[in-house]
Amino acid sequence: MHLIRAHEFGTADVLHYVEDELPEPGPGQVRVRLRAAGVNPADTYVITGTYAFLRPQLPFTPGWDGAGVIDAVGPDVTERAPGERVFVAALPLGSSGTYAEYVVTGIESVHPLPESLTFEQGAAVGIPYLTAYRALFQRGGARAGETVLVHGASGGVGIPAVQLAVGAGLSVIGTAGSGAGMELVRAQGAHHVLDHTRVGYLEEIEDLTHGHGVDLIVEMLANENLEKDFEALAQRGRIVIVGARGPVSFTPRKTMIAEADIRGTALWNMHRDEIAEAQAAISGQLEDGTLTPVVGRTFPLAAAAEAQRYLMNSHARGRVVLDCG
């Protein structure tokens, strides 16, 4: 089979398209013939060897998300069978890497893929939807009737956050950096969409919320936005930091004035029961059509390095995936 393998840490250039033997599933595992794999920002951090949550043993194959068809099961597996369409959400570990034509993973990491979804859409579920669910509900405490601001709503995690928040009865304000991105956010059901490249765009929130402010902010780029977020936050509001690409400077007094909470989140800290809760909610909404993953761009598996560079150096709209054949 073909797969992507890194024999050293570094930039995307360490990723190589190679051949290897087909892996065999052991007890409690299944083998999936992947048709697509998701590309996450975390994948790019892991290959540097400096990611705070994981430093894999070399050589390794990146990737936690994918979708395809089960082609073999371990000797004790009865819950799944060959021929089933599934998506893979191998969090936090337990997978041989989804940047590959085949992946062996634990039974708890595979879930039925509704017939209404493509394999590319299935590969867009895992980390993005789990991250969005955790940020909104497990860390953010979002409740129906509240107002949430999704900062960077056209991206891989932003779109799931908008869809989940709308489905839960929240009033959703999303931001994006282009006309196409703003239209994409509107199409997900956001009630209001703001252009975050425009000076003073957060000033609109006072009118949109009738002076109340937003109860929750899901923040994708804290190093750029955190100080400004307090302009939009309601009294006793919460900010959940999903992403940051550098240090941040902000005025602590602003947290005192609003009695605001700033909360970090990372999937790697999820307990098994939290993963199960989130996955059950997401799977149910995929099945009933409430959630529809959006794929922004697809690259061939052999072009995994190019896909990672594109993800980190562009304003990707929707999910970046690999075509595994």
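See the structure shown above.
Residues numbered from 1 in each chain as written. Predicted model: local features only at pLDDT ≥ 70, side-chain atom pairs only at ≥ 80, totals over all residues. Heavy atoms only, no water.

Chemist: Outline the overall build of the protein, supporting the account with residue identities and numerical values.
Modeler: Looking only at helices and strands, the protein has ten helices and 15 strands in total. Here the C-alpha radius of gyration of the protein, 20 Å, is about what a compact globule of 325 residues would show, namely 20 Å. Its C-alpha atoms put the protein at 60 × 40 × 35 Å along the principal axes. Classification of the 325 residues of the protein by burial places 53% in the buried group. Of all intrachain contacts in the protein linking residues separated by at least 6 positions in sequence, the fraction that spans at least 24 positions is 67%. With the model as given, the accessible surface of the protein reaches about 13,800 Å², and the carbon-plus-sulfur share is 50%. (Helix = DSSP H or I, 4+ residues; strand = E, 2+ residues; numbered from the N terminus. Rg over C-alpha atoms; globule rule 2.2 N^0.38 Å. Buried < 20%, exposed > 50% of the residue type's maximum accessible area, 1.4 Å probe, protein only. Contact = heavy atoms within 4.5 Å. Areas by Shrake-Rupley, 256 points an atom, 1.4 Å probe, with all protein chains shown as cover.)

Chemist: Before we move on, can you summarise the sheet that holds strand β11 (residues 214-219) with the specific residues and values?
Modeler: With parallel pairing, the six strands of this open sheet are ordered in space as β10-β9-β8-β11-β12-β13. Of all the strands in the sheet, the pair left with one neighbour each is β10 (192-195) and β13 (261-264). The sheet shows a mean angle of 20° between the axes of neighbouring strands, taken without regard to direction. In this structure, strand β12 (residues 233-241) lies alongside β13, joined through four bridges in parallel fashion. Opposite I241, over in β13, you have G264 as the bridge partner. (Pairing = 2+ DSSP bridges. Axes fitted to C-alpha atoms, helices over the stretch in contact; angles between N-to-C directions.)

Chemist: I'd like to hear about the packing of helix α3 (residues 126-139) against helix α4 (residues 158-167), residue by residue, with values.
Modeler: One can describe the packing of α3 onto α4 by two numbers: an axis separation of 8 Å at closest approach and a directional angle of 50°. Our classification of the angle between α3 and α4 gives oblique. Taken as a pair, α3 and α4 cross one another with a handedness that is right-handed. Contacts between α3 and α4 involve P128, Y129, A132, Y133, L136 and F137 on the former and, on the latter, P160, A161, Q163, L164 and A165. A breakdown of the residues in the contact of α3 with α4 according to their chemical character gives ten nonpolar, one polar and no charged. (Parallel < 35°, antiparallel > 145°, perpendicular 65-115°, else oblique. Left-handed = near helix turned anticlockwise from the far one by under 90°. Nonpolar A, V, L, I, M, F, W, Y, C, P; charged D, E, K, R; others polar.)

Chemist: Residue-level account of the pattern of salt bridges, with values.
Modeler: If the charged atoms of two oppositely charged side chains come close together, the side chains can form a pair. Throughout the structure, instances matching the rule amount to 15 salt bridges. A salt bridge links R5 to D20; the nearest nitrogen and oxygen atoms lie 2.6 Å apart. Residue R5 is found in strand β1 (residues 2-6), and its partner D20 is found in the loop between β2 (15-19) and β3 (29-39); the two are separated by 15 residues along the sequence. In this structure, E24 and R31 form a salt bridge, with 3.4 Å as the shortest nitrogen-oxygen distance. Where salt bridges share partners, they join E24, R31 and D71 into one cluster. (Salt bridge = Lys/Arg side-chain N within 4 Å of Asp/Glu carboxyl O.)

Chemist: Just give me the short version of the packing of aromatic side chains, but keep the residues and values in it.
Modeler: This model, assessed by the stated rule, comprises eight aromatic pairs. Each ring, one from Y51 and one from F53, has its centre 5.4 Å from the other, and the planes form 65°; the classification is edge-to-face. With 4.8 Å between their ring centres and 50° between their planes, W64 and W268 make a pair best called tilted. Taken as a pair, W64 in the loop between α1 (41-46) and β4 (65-73) and W268 in the loop between β13 and α9 (272-287) lie far apart in primary sequence, 204 residues in all. Neither W64 nor W268 differs from the other in exposure class; each is buried. Grouped by ring-pair contacts, the aromatic residues Y45, Y51, F53, W64 and W268 constitute a single cluster. Taking the ring centre of F119 as reference, the NZ or CZ of R85 above it sits at 4.7 Å. In this arrangement the basic side chain of R297 is found over the ring face of Y310, its NZ or CZ atom lying 4.7 Å from the centre. (Phe/Tyr/Trp six-rings, centres within 6.5 Å; stacked < 30°, edge-to-face > 60°. Lys NZ or Arg CZ within 6 Å of the ring centre and 35° of its normal.)

Chemist: Any details on the packing of α3 against α9? Residues and values, ideally.
Modeler: Direction vectors running N to C along α3 and α9 enclose 110°, while the axes themselves pass 10 Å from each other. Taken as axis vectors, α3 and α9 run roughly perpendicular relative to one another. Residues Y129, L130, Y133, R134 and Q138 of α3 form the contact with α9, whose own contacting residues are E274, I275, E277, A278, Q279, A281 and I282. Residues belonging to the contact of α3 with α9 are distributed by class as follows: seven nonpolar, two polar and three charged.

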